[in-house]
Amino acid sequence: MFASPTRLDRSGRILAPVMINGQGPYRMIVDTGAAHSTLSSELAQALGLVPSDEYSLVLNGVTGTARVQGVFVERLQAGDIAVKRARIPVVSSALMAGADGVLGIAGLNTTHIYVDFRKDRVVIASKSEHELHPSALIHGTRIRDGLFAIDARVLRVRALAIIDTGAERSLGNLALRDAVRKQLKDTDGVLQAAEVTGVTTDIAAGEAGAAPPITIGNGIKVDAIPITYGDFHIFKVWNLEKRPAMIIGMDVLGLVDAFEIDFAKAQMRIMTRNMRD
């Protein structure tokens, strides 16, 4: 089992130390919304790895898609989770809020991630080795690329919610926006123009505003969380354009005391005193 102090980047996302080719540790964003890891161009240079078209990969981000050069990594290690002999794309650290890279764990079927904000602890392991007495046990499902999703409601609108520790803020698709609008008065839920950027250089237009109460799992409610709605590329990749769907980011996850995601069982446990149930 691997446990280390929890560190947050300037966007509130979880950072964990990761070893690459026996060197490190390096600060990488733990991303449950990504099936593949990425390295910053600065880290690749420090490791003596030269990005090339030979190892290029197509990245699908929130706002767009891009083919980027990559490097070949013999071993990437985070706790007892290891990725061996892999092509890893390289992007600018500016697109990752200055982190050394992104640790994508959505595609790892036997992984647990446990984050305790009270004790400043993050655990990445192939099985759970600790006790957590949750305020809520949420059963979810695995969708495309191994992503973990749960049921949520915004007012009376049922939505599929992707748990994404790599997202700074929560996002919604246009189907969710339109369904919620039908339940609001004209003076409620006023939205303002906003822009969203992702791991690619594309910028997408959106509309942002405080959401009505969001209910997740067995009645856990979150009030007044800003959601940015838009015709975002990633919902097209996930085939979630027509049904109400959203991404739950660190603006919501950061409100709890601790959480654990069991990817094998498609379950999430939450311990919280801050969210209303």
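Residues numbered from 1 in each chain as written. Predicted model: local features only at pLDDT ≥ 70, side-chain atom pairs only at ≥ 80, totals over all residues. Heavy atoms only, no water.

**Q** Please explain empty space enclosed by the protein as it appears in this structure.
**A** Left-over empty space is what a probe sized like a water molecule reveals as it rolls over the atoms. Tallied over the full model, the rule gives two cavities of 30 Å³ or more. For the second largest cavity, the calculated volume is near 40 Å³. At the level of secondary structure, the elements contributing two or more residues to the lining of the second largest cavity comprise helix H4 (250-253) and strand S24 (267-271). (1 Å grid on protein atoms, 1.4 Å probe; cavity = no way out; pocket = protein on both sides within 12 Å on 5 of 7 lines; lining within 4 Å. Points joined across faces, edges and corners; volume = space filled by probe spheres on them. Helix = DSSP H or I, 4+ residues; strand = E, 2+ residues; numbered from the N terminus.)

**Q** Is there a simple way to think about the packing of aromatic side chains in this case?
**A** Here a ring pair, both rings aromatic, is described through the centre-centre distance and the interplanar angle of the planes. The final tally for this structure, using the stated rule, is three aromatic pairs. Taking 5.8 Å as the distance between ring centres and 35° as the angle between the ring planes, the aromatic pair formed by Tyr 55 and Phe 72 counts as tilted. Of the two residues, Tyr 55 sits in strand S6 (residues 52-60) while Phe 72 sits in strand S7 (residues 65-78), which places them 17 residues apart along the sequence. Residue classification places Tyr 55 among the partly exposed positions, given a relative accessible area of 23%. A ring pair is formed by Phe 235 and Trp 238, whose centres lie 6.1 Å apart and whose planes are at 85°; its orientation type is edge-to-face. Here Phe 235 matches Trp 238 in class, with each residue buried. (Phe/Tyr/Trp six-rings, centres within 6.5 Å; stacked < 30°, edge-to-face > 60°. Buried < 20%, exposed > 50% of the residue type's maximum accessible area, 1.4 Å probe, protein only.)

**Q** Got a minute to help me understand the nonpolar core in this structure?
**A** In terms of nonpolar packing, the biggest core is built from 60 residues, with Ile 20, Leu 39, Met 246, Phe 259 and Met 268 touching the most fellow members. Excluding anything up to four places from it in sequence, Leu 39 contacts Ile 20, Met 28, Leu 47, Val 71, Val 73, Ile 88, Pro 89, Val 90, Val 91, Met 96, Asp 100 and Gly 101. Core analysis: the second largest hydrophobic core is formed by 18 residues, Ile 162, Ala 167, Ile 234 and Val 237 among them. (Core = buried A, V, L, I, M, F, W, Y, C linked by side-chain atoms within 4.5 Å. Contact = heavy atoms within 4.5 Å.)

**Q** Quick question: what am I supposed to make of unusual backbone geometry here?
**A** Most of the time, phi is negative for any residue but glycine, and the peptide bond is trans. Pro 25 follows Gly 24 through a cis peptide bond whose omega is 5°. Tracing the chain through its elements places Pro 25 in strand S4 (residues 23-31). Of note, the phi angle at Arg 85 is positive, near 45°, even though the residue is not glycine. At Ala 266, a position not held by glycine, the phi torsion is positive, near 55°. Within the element layout of this structure, Ala 266 appears in the loop between strand S23 (258-262) and S24. Exposure remark for Ala 266: the relative accessible area of 9% places this residue in the buried category.

**Q** Looking at this model, I keep getting lost on the layout of surface pockets. Mind explaining?
**A** Size it by volume and the largest pocket reaches roughly 1000 Å³. Taken together, 38 residues line the largest pocket, and the ones lying closest to its centre are Asp 31, Gly 61, Val 62, Gly 198 and Val 199. Mapped onto the lining of the largest pocket, the elements with two or more residues apiece are S4, S6, strand S17 (192-197) and helix H3 (233-237). At four residues, the largest contribution of residues to the lining of the largest pocket is made by S6. When its residues are assigned to classes, the lining of the largest pocket shows 21 nonpolar, nine polar and eight charged. Computed from the structure, the second largest pocket encloses a volume of approximately 180 Å³. Counting residues per element, the lining of the second largest pocket draws most heavily on strand S8 (residues 81-91), which supplies five residues. Classifying every residue of the lining of the second largest pocket gives seven nonpolar, four polar and one charged. (Nonpolar A, V, L, I, M, F, W, Y, C, P; charged D, E, K, R; others polar.)

**Q** Looking at this structure, I do not really get helix H2 (residues 174-181). What am I missing?
**A** Residue pairs spaced three or four apart in an α-helix point in one direction, given the helix's 3.6 residues per turn. Taken as a whole, H2 has its buried residues at Ala 175, Leu 176, Arg 177 and Val 180. Among the structural elements, strand S14 (148-154), strand S15 (157-163), strand S16 (170-172), strand S18 (203-210), strand S21 (226-229) and strand S22 (245-248) are those in contact with the buried residues of H2.

Scope: geometric values only; no functional claims are made or implied.
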